[in-house]
Amino acid sequence: MSISKKLVDDLVANDVSFITTVPCKQLAGVIDEVEARSEIFHIPANKEDEGMGLCAGAYMGGKRSAIIMQNTAIGVTINTLATLIQFYRMPLPMLISYRGELREPVACQVEMALHTKALLAQMHIPTYHFHGESDAAEFDAILKYTFMCNKPVAILTDASFWGGYGDQ
Amino acid sequence: MIRSEILRDIAPIIRDHLVVCNIGLPSQELHAIDDQPTNFYMLGTMGLASSIGLGLALVQPKTVISIDGDGSVLTNLGTLPTIANNVADNFILLIIDNGSYGSTGDQPTYAGKKTSLAAVAQACGCDNVVEVQDKDLGPALQTAIDSRQMTVIVCKCDSGNIKLPVITMDPVVIRDRFMKAVAR
Ligand SMILES: [Mg+2]
């Protein structure tokens with residue numbers, strides 16, 4: 001089974017039916033899988049804070065929501081995480097491509113990678129780092145944890161997890 | 001008319017619908033004029049009233065009205081293509097366009113200069129865009145609600161504020177009360 005299919009299976013099994021995405025090359029497969037599922041309403045967002053607003057609305061409408069985005073978005077969404085998701089205490093799984101880690105070809109991506117975990121820690125956001133493919137086994141438990149505690153939770157998925165960049 | 005007069009005017013029209021109200025003075029004014037469990041007050045996060053309203057409208061059948069401002073729409077302009085391309089016919093985006101950042105001291109916005117938010121919304125692909133003057137908003141809003149078609153209303157009005165206390169209700173209480181009203 002592909003890793004993208006496994007992750008989306010877990011989202012569906014946990015009743016996540018509204019997913020917003022901002023693309024990343026590393027996430028293309030999982031976004032395709034989200035788009036393909038009839039159980040999920042997939043709504044691409046133009047910016048990640050906008051996406052979190054969509055997720056907040058869907059949550060208040062009674063649907064479990066999630067966001068799929070790149071780690072650069074942590075820089076974009078700090079205010080939204082603090083004043084909307086955390087302040088109003090809403091659950092939000094954030095499946096994040098962790099660019100700028102080992103096997104990264106683009107130097108600029110390293111700059112936000114250096115800040116990613118520090119920012120998430122500063123925000124008191126529970127953070128999990130998927131490095132090897134077997135780490136995905138915990139995704140189901142992480143989703144259950146997210147909806148138990150009503151918090152944003154970050155799942156960082158690096159290049160090694162996704163099998164590298166192929167021709168690098 | 002200024003925004004608080006407009007909100008007083010439309011309060012009887014919106015009170016039976018789900019309302020997502022913009023940060024700052026708009027929420028304080030609506031809270032003071034006609035507090036309802038069906039009102040979701042934004043206490044922070046400028047710009048996201050339209051996104052929250054769209055997400056809510058897409059997942060349940062009740063009419064949702066997002067009360068936004070010109071400054072807030074300008075800060076999240078990406079919302080308009082998303083609204084246009086994900087049609088929720090139970091969604092109304094009401095932009096109260098006073099040409100200024102009211103909550104921060106009435107600094108002018110570009111919507112009060114050369115930029116037309118109605119034209120922007122149309123260019124983004126929104127199908128039903130209505131621009132009205134303040135005094136004509138009530139009937140236009142009622143028509144939009146009754147049409148069951150996603151509508152963007154740009155309501156041109158004067159800038160100006162009234163003095164009101166901040167909302168002290170706990171955010172989790174606001175959210176919980178609102179979710180119960182949505183589910184009712
Ligand atoms: Mg304004």
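Cut-off values and rules
Residues numbered from 1 in each chain as written. Chains lettered and ligands numbered in written order. Predicted model: local features only at pLDDT ≥ 70, side-chain atom pairs only at ≥ 80, totals over all residues. Heavy atoms only, no water. Buried < 20%, exposed > 50% of the residue type's maximum accessible area, 1.4 Å probe, protein only. Helix = DSSP H or I, 4+ residues; strand = E, 2+ residues; numbered from the N terminus. Arc of directions from axis to C-beta. Contact = heavy atoms within 4.5 Å. Buried area = accessible area lost by both parts, 1.4 Å probe. Polar contact = N/O pair within 3.5 Å; in protein donor to acceptor, adjacent residues only side chain to side chain. Nonpolar A, V, L, I, M, F, W, Y, C, P; charged D, E, K, R; others polar. Donors = N, O, S within 2.8 Å, 3.2 Å for Na, K, Ca; no water. Pairing = 2+ DSSP bridges. Axes fitted to C-alpha atoms, helices over the stretch in contact; angles between N-to-C directions. Expected span 1.5 Å × (residues − 1). Bend = angle between axes of the 7 residues up to and from the residue. Phe/Tyr/Trp six-rings, centres within 6.5 Å; stacked < 30°, edge-to-face > 60°.

Caption draft 1: Region of interest: helix 1 (residues 3-14) of chain B. Residues and elements named next belong to chain B. Of the residues making up helix 1, those classed as buried are Arg3, Ser4, Ile6, Leu7, Ile10, Ala11, Ile13 and Ile14. Buried residues of helix 1 fall within an arc of 160 degrees about the axis and therefore sit on the same side. Looking at helix 1, the residues exposed on the side facing more than 90 degrees away from the buried face are Arg8 and Pro12. The inward-facing, buried residues of helix 1 contact strand 1 (18-21), helix 2 (25-34), strand 3 (64-69), strand 4 (91-97), helix 7 (137-147) and strand 8 (151-156).

Caption draft 2: Broad picture of unusual backbone geometry. Phi at A:His124 is positive, roughly 55 degrees, even though this residue is not glycine. Structurally, the position occupied by A:His124 is in the loop between helix 5 (107-122) and strand 5 (127-130). Exposure remark for A:His124: the relative accessible area of 66% places this residue in the exposed category. At B:Arg148, a position not held by glycine, the phi torsion is positive, near 50 degrees. Tracing the chain through its elements places B:Arg148 in the loop between helix 7 and strand 8. Judged by its relative accessible area of 41%, B:Arg148 falls in the partly exposed class.

Caption draft 3: Layout of the interface of chain B and chain A. Listed per partner, the contact involves 28 residues of chain B and 25 residues of chain A. Both sides together, the interface formed by chain B and chain A hides about 2100 Å², and carbon and sulfur atoms give 68% of it. The three residues of chain B that bury the most area against chain A are B:Thr45, B:Val59 and B:Arg175, which together make up 25% of that side's buried surface. At the boundary of chain B with chain A, the tally comes to 8 residue pairs in polar contact (both at pLDDT 80 or more). Listed by contribution, the elements that provide at least two residues to the side of chain B that touches chain A are strand 2 (39-41), helix 3 (49-59), helix 5 (79-85) and helix 8 (171-183) of chain B. Of the residues contributing to the side of chain B that touches chain A, the split by class is 17 nonpolar, 10 polar and 1 charged.

Caption draft 4: Molecular detail of the coordination of the magnesium ion. All names here are of chain B. For the magnesium ion, the full set of protein donor atoms is Asp70 (OD), Asn98 (OD1) and Ser100 (O), and the range of their distances to it is 2.1 to 2.2 Å. Spacing between the donor residues of the magnesium ion along their common chain follows D-x27-N-x1-S. For asparagine 98, a relative accessible area of 8% puts it in the buried group.

Caption draft 5: Representation of the sheet that holds strand 5 of chain A within the structure. All names here are of chain A. One open sheet holds the 6 strands; their spatial order is 2-1-3-4-6-5, and the pairing between them is parallel. The open sheet terminates on both sides in strands that have one partner only, identified here as strand 2 (41-44) and strand 5. Sheet twist, expressed as the mean angle between neighbouring strand axes with direction ignored, is 20 degrees. Sheet topology places strand 5 next to strand 6 (residues 152-158); 4 bridges connect them, and they run parallel. Residue pairing in the sheet places tyrosine 128 in a bridge with isoleucine 155 of strand 6.

Caption draft 6: Representation of the pairing of strand 4 of chain B within the structure. Residues and elements named next belong to chain B. The buried fraction of strand 4 is high, at 7 of 7 residues. Here strand 4 shows two buried faces, one formed by Phe91, Leu93, Ile95 and Asp97 and the other by Ile92, Leu94 and Ile96. Sheet topology places strand 3 next to strand 4; 6 bridges connect them, and they run parallel. Among the inter-strand pairings, aspartate 68 is bridged to a residue of strand 4, identified as isoleucine 95. Pairing between strand 4 and strand 8: 6 bridges, direction parallel. Directly across from isoleucine 96, in strand 8, lies its bridge partner cysteine 155.

Caption draft 7: Representation of the side chain of A:Glu104 within the structure. Residue and element names in this part refer to chain A. Mapped onto the secondary structure, glutamate 104 falls in the loop between strand 4 (92-98) and helix 5. Taking relative accessible area as the criterion, glutamate 104 reaches 16% and is therefore assigned buried. At 2.8 Å, the side chain of glutamate 104 forms a polar contact with the backbone nitrogen of glycine 100. Looking at glutamate 104, its side chain comes within polar contact range of the main-chain nitrogen of valine 106, at 2.9 Å.

Caption draft 8: Local environment of helix 4 (residues 72-86) of chain A. All names here are of chain A. Spanning 15 residues, helix 4 covers 19 Å between terminal C-alpha atoms, matching the ideal 21 Å at 1.5 Å per step. The largest bend in helix 4 amounts to roughly 50 degrees and is located at isoleucine 78. All buried positions along helix 4 are accounted for by Ala73, Ile74, Thr77, Thr80, Leu81, Leu84 and Ile85.

Caption draft 9: Main features of the environment of B:Met169. For B:Met169, the position within the fold is in the loop between strand 8 and helix 8. Through-space distance from the C-alpha of B:Met169 to that of B:Gly99 is 29 Å; in sequence the pair is 70 residues apart.

Caption draft 10: Region of the structure containing the packing of aromatic side chains. Per the counting criterion, the structure on display carries 8 aromatic pairs over all chains. Summarising the aromatic geometry, the rings of A:Phe18 and A:Phe41 are spaced 5.8 Å apart at their centres and angled 15 degrees between planes, so their arrangement reads as stacked. Remark: A:Phe41 occurs in strand 2 and A:Phe18 occurs in strand 1 (residues 16-21); sequence separation between them is 23 residues. On the basis of relative accessible area, A:Phe41 is assigned to the partly exposed category, the value being 32%. Considering the side-chain rings of A:Phe130 and A:Phe139, the 6.4 Å spacing of their centres and the 80 degrees angle between planes classify their relative orientation as edge-to-face. We note that A:Phe130, like A:Phe139, is buried. Connected via pairs of aromatic rings, a cluster forms that spans A:Phe87, A:Tyr88, B:Phe40 and B:Phe178.

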